[in-house]
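Close look at the chain arrangement
If you want the building blocks of each chain, they are given just below.
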Amino acid sequence: MKSYAFLFAGLSLLATHTSAHYIFERLTHAGTEYPAYTYIRQNTNYNSPVTALNSTDLRCNVGGETAGSTTTITVNAGDAFSITTDTAVYHDGPFSIYMAKAPTTAAEFDGSGQVWFKIYDLGPTFAADGTSTWPLYQTYSYTIPPALPNGDYLLRFQQLGIHNPWPAGIPQFYVECAQITVTGGGSGTPGPLVSIPGYITGDEPGYTVNIYSNFHNYTIPGPSVWSGQSAAGGSSPSSVASVAPVSTAPVQPVSSSSVAVVQTTSASVVITPTDTAVVAPTGVPVAKYGQCGGTGWTGSTTCASGSTCKATNQYYSQCL
Ligand SMILES: *[C@@H]1O[C@H](CO)[C@@H](O)[C@H](O)[C@H]1NC(C)=O
Ligand SMILES: *[C@@H]1O[C@H](CO)[C@@H](O)[C@H](O)[C@H]1NC(C)=O
Ligand SMILES: [Cu+2]
């Protein structure tokens with residue numbers, strides 16, 4: 001009897017939100033927010049997630065293995081970009097951005113091979129009282145790595161919904177891929193490189209964790225974030241740390257309590273108060289969740305009241 005009740009509860013939970021998931025559908029670059037599926041491969045499964053860890057659909061979603069009519073946008077290394085969903089992300093879980101270099105053109109590339117690397121991770125924050133907060137937004141922003149070599153790439157957005165804990169539930173991958181041509185690039189060596197599928201096996205604590213029970217730290221599944229992104233000619237960690245972030249707000253200090261604050265790779269970014277690139281707050285206040293700083297950022301560094309500018313890493317500060 002008990003298991004029937006559990007099953008029934010699970011089914012009605014599913015039924016309540018099958019129609020309102022989310023799609024990473026709108027790219028913003030150089031001040032222009034493009035219409036849905038412009039430079040982004042169109043999936044054919046509406047807004048449903050992919051859940052099979054062995055499926056090639058994990059690369060660019062169902063229907064996204066080929067370009068279809070999708071064209072490719074040219075961007076400069078170091079350019080800021082944003083990705084916006086149709087409906088704000090609402091299932092608890094981490095957000096990541098991956099890239100893969102196309103052997104020929106982005107439009108011709110299916111994403112096969114050990115070619116994918118991760119450029120960005122955004123996980124939960126943990127408060128001193130033990131509560132966690134997930135980065136559930138409608139818009140996520142980042143920067144094309146300055147050290148990225150020129151060429152065509154797939155730019156892959158992924159949010160992993162882990163709200164129905166495994167094994168009773170199964171984590172959900174919300175993914176879409178943009179097609180980009182990078183110019184003005186550097187001579188870095190992106191990595192570590194992984195294959196999709198295969199990059200997540202299902203054994204990772206960040207995949208199997210129950211976020212409702214004893215949840216005090218979190219490691220985002222998949223490869224580590226490429227550490228040489230900002231280096232002009234390589235992947236030396238010291239040159240990463242020497243890049244001056246544009247930020248008007250100090251990074252939140254790590255709590256002195258015993259609760260672990262997991263910041264993934266951004267924890268290694270040193271943001272110094274003597275930073276010469278700090279600019280005075282300028283311009284129209286940025287709305288909550290908008291970008292307010294980061295390497296190369298020339299927009300407003302003032303946040304709308306109720307939010308403050310916090311550095312996520314050297315490339316990106318956000319009003320939170
Ligand atoms: C993926 O795994 C499932 C479950 O183990 C299996 O039924 C399916 O055939 C596999 N698909 C591929 C493409 O390997
Ligand atoms: C939390 O940290 C512990 C100790 O390092 C580790 O064993 C566990 O897998 C982590 N949990 C998650 C969800 O990442
Ligand atoms: Cu759902």
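Under an unreviewed UniProt entry, the name given to the protein chain is AA9 family lytic polysaccharide monooxygenase, and the source organism is Mollisia scopiformis. In the Catalytic activity (unreviewed entry) part of its UniProt record, the protein chain is described as follows: "[(1->4)-beta-D-glucosyl]n+m + reduced acceptor + O2 = 4-dehydro-beta-D-glucosyl-[(1->4)-beta-D-glucosyl]n-1 + [(1->4)-beta-D-glucosyl]m + acceptor + H2O." On record in UniProt, under Cofactor (unreviewed entry), the comment for the protein chain is "Cu(2+)".

Remarks on the overall build of the protein chain
Scanning the protein chain from N- to C-terminus turns up four helices and 14 strands. Burial analysis of the protein chain (320 residues in total) assigns 48% to the buried set. Across the protein chain, contacts joining residues at least 24 apart in sequence account for 74% of those joining residues at least 6 apart. As displayed, the protein chain offers around 14,000 Å² of accessible surface, 58% of which is attributable to carbon and sulfur atoms.

Quick word on the pattern of salt bridges
Where charged atoms from two side chains of opposite charge come close, those side chains can pair. Evaluation of the coordinates by the stated rule reveals four salt bridges. The structure contains a network of salt bridges with shared partners spanning Glu 25, Arg 26 and Glu 33.

Here we look at the pairing of strand β10 (residues 151-161)
Working note: regular strand, side chains alternate between the two faces of the sheet. Within β10, eleven of the eleven residues are buried, which leaves the element mostly enclosed by the surrounding structure. Neither face of β10 is open: one carries Gly 151, Tyr 153, Leu 155, Phe 157, Gln 159 and Gly 161, the other Asp 152, Leu 154, Arg 156, Gln 158 and Leu 160, and all of them are buried. As paired strands, strand β5 (residues 95-101) and β10 are joined by seven bridges and run antiparallel to one another. Within β10, the residue paired with Ile 97 across the bridge is Phe 157.

Remarks on the nonpolar core
Of all hydrophobic cores here, the largest spans 35 residues; its most connected members are Phe 95, Ile 97, Ile 119, Leu 155, Phe 157 and Ile 180. Only β1 (24-29), β3 (73-76), β4 (80-85), β5, β6 (116-122), β9 (139-143), β10 and β11 (172-183) provide two or more residues apiece to this core. Every residue in contact with Phe 95, bar those within four places of it in the chain, is listed here: Phe 24, Ile 83, Tyr 120, Asp 121, Leu 122, Tyr 140, Phe 157, Gln 158 and Gln 159. Val 50, Tyr 98, Ala 102 and Phe 215 belong to the second-largest nonpolar core, a separate cluster that totals 27 residues.

With respect to the sheet that holds β4
Sheet strands pair by backbone hydrogen bonding; their relative direction is either parallel or antiparallel. Here we have four strands laid out as an open sheet, ordered β2-β1-β4-β9, and antiparallel in their pairing. Strands at the two margins of the open sheet, each flanked by one partner only, are β2 (32-33) and β9. One ladder, built from two bridges, connects β1 with β2; its direction is antiparallel. Bridge pairing in β2 places His 29 opposite Thr 32.

Some thoughts on the sheet that holds β11
Strand order in the open sheet made by the five strands is β3-β11-β10-β5-β6, with mixed pairing throughout. Either end of the sheet is taken by a strand with one partner, and the two such strands are β3 and β6. Across the sheet, the mean angle from the axis of one strand to that of its neighbour is 35 degrees, orientation sign disregarded. Where β3 and β11 come together, four bridges link them in parallel fashion. Bridge assignment links Ile 73 to a residue of β11, and that residue is Ile 180.

What counts as what
- Residues numbered from 1 in each chain as written.
- Chains lettered and ligands numbered in written order.
- Predicted model: local features only at pLDDT ≥ 70, side-chain atom pairs only at ≥ 80, totals over all residues.
- Heavy atoms only, no water.
- UniProt positions renumbered as here; feature names shortened; annotations may be inferred.
- Helix = DSSP H or I, 4+ residues; strand = E, 2+ residues; numbered from the N terminus.
- Buried < 20%, exposed > 50% of the residue type's maximum accessible area, 1.4 Å probe, protein only.
- Contact = heavy atoms within 4.5 Å.
- Areas by Shrake-Rupley, 256 points an atom, 1.4 Å probe, with all protein chains shown as cover.
- Salt bridge = Lys/Arg side-chain N within 4 Å of Asp/Glu carboxyl O.
- Pairing = 2+ DSSP bridges.
- Core = buried A, V, L, I, M, F, W, Y, C linked by side-chain atoms within 4.5 Å.
- Axes fitted to C-alpha atoms, helices over the stretch in contact; angles between N-to-C directions.

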